[in-house]
Amino acid sequence: MKVLIHFAPGPAHDIFLGSRLRKNLKGAMELRHIALVDSLYAEPDVCHLLSPDDLDMVKVAHEEGVPVVVSALYTELDPYASFLETDAFGNMTLTSRGKRMLEEADMVFVPSLRAKEIVEKDLFQKPIHIVSPGVNPVRFDSIDEIGAKIFCRYERFPANQPYVLILGSYREKNAIEFAKSIANMVPNFRFFFLGGDYGSEASPLSRWNRSSPKNLILGPNTLPATL
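Note that the coordinates shown come from a computational prediction; the quantities given were computed from them, not determined experimentally.

Asks: Quick question: what am I supposed to make of the pattern of salt bridges here?
Replies: Opposite charge on two side chains lets them pair, provided their charged atoms get close. Within this structure, the stated rule accounts for three salt bridges. Ionic pairing is found between R22 and D38, a salt bridge with its closest N-O pair at 4.0 Å. Remark: D38 occurs in the loop between strand 2 (35-37) and strand 3 (46-49) and R22 occurs in helix 1 (residues 17-31); sequence separation between them is 16 residues. The exposure class of D38 is exposed, given its relative accessible area of 64%. Among the ionic pairs, K180 bridges to E177, the shortest N-O distance being 3.8 Å. Separated by three residues within a single helix, K180 and E177 lie in helix 6 (residues 173-185), roughly one turn from each other. The class for E177 is partly exposed, based on a relative accessible area of 47%.

Asks: It is not clear to me how the environment of A61 should be interpreted in this structure. Could you clarify?
Replies: Considering the arrangement of structural elements, one finds A61 in helix 2 (residues 55-63). The residues contacting A61, other than those within four sequence positions of it, are L40, C47, V66 and V68.

Asks: When you look at the pairing of strand 3 in this model, what are you seeing that I'm missing?
Replies: Regular strands have side chains that alternate between both faces of the sheet. Neither face of strand 3 is exposed, since V46 and H48 on one face and C47 and L49 on the opposite face are all buried. In terms of handedness, the path from strand 3 via helix 2 over to strand 4 (residues 68-71) forms a crossover that is right-handed.

Basis of the calculations
Residues numbered from 1 in each chain as written. Predicted model: local features only at pLDDT ≥ 70, side-chain atom pairs only at ≥ 80, totals over all residues. Heavy atoms only, no water. Salt bridge = Lys/Arg side-chain N within 4 Å of Asp/Glu carboxyl O. Helix = DSSP H or I, 4+ residues; strand = E, 2+ residues; numbered from the N terminus. Buried < 20%, exposed > 50% of the residue type's maximum accessible area, 1.4 Å probe, protein only. Contact = heavy atoms within 4.5 Å. Right-handed = clockwise from strand over helix to strand, strands pointing away.

So, in structure tokens, the structure goes:
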């Protein structure tokens with residue numbers, strides 16, 4: 001079996017998230033000893049795509065008789081691998097190009113039940129499967145004592161204080177209010193809510209932090225995340 005996993009935004013547009021997903025998928029294929037190819041001309045058995053920007057490849061793959069799998073909503077913080085937009089009512093919906101790509105795909109993978117619910121609003125009869133992002137547990141092992149404590153030192157709180165890290169989006173007001181309510185209920189924990197899409201103002205997070213519980217810190221998301 002040969003698999004083509006394609007994501008190539010170009011150096012100027014590569015902000016790592018889409019490329020990281022591609023590398024993770026390639027690593028999974030290699031662990032299964034599945035051959036990888038770099039082009040449809042190499043006659044793959046499956047074409048796996050990650051970005052709506054590659055919509056045209058779906059048609060070419062089908063013309064060559066190659067089934068297409070699409071991994072969607074894994075890298076929404078990467079504008080070159082994003083399938084979602086916010087509508088006039090603040091709801092997350094598929095972009096027109098993203099919807100077309102998923103409609104034409106033979107199979108769709110999403111990272112969570114929430115992601116599946118969003119996709120199913122527009123795609124009722126498409127095979128949609130939840131495939132959680134693969135994570136090697138070794139990545140969470142402490143390399144040394146300094147590495148284990150560096151986050152606490154950077155945020156200036158005791159290393160023995162329990163804390164919770166939340167990755168989300170400031171577009172989802174319910175998520176922020178939920179984080180506030182949990183922080184109020186568990187005052188001995190420190191909570192960090194890291195999210196993107198926090199508006200066009202220069203620094204809205206400072207104002208939002210002033211109105212949040214003292215043990216909840218709202219900050220920009222500089223970490224790779226999935227929906």
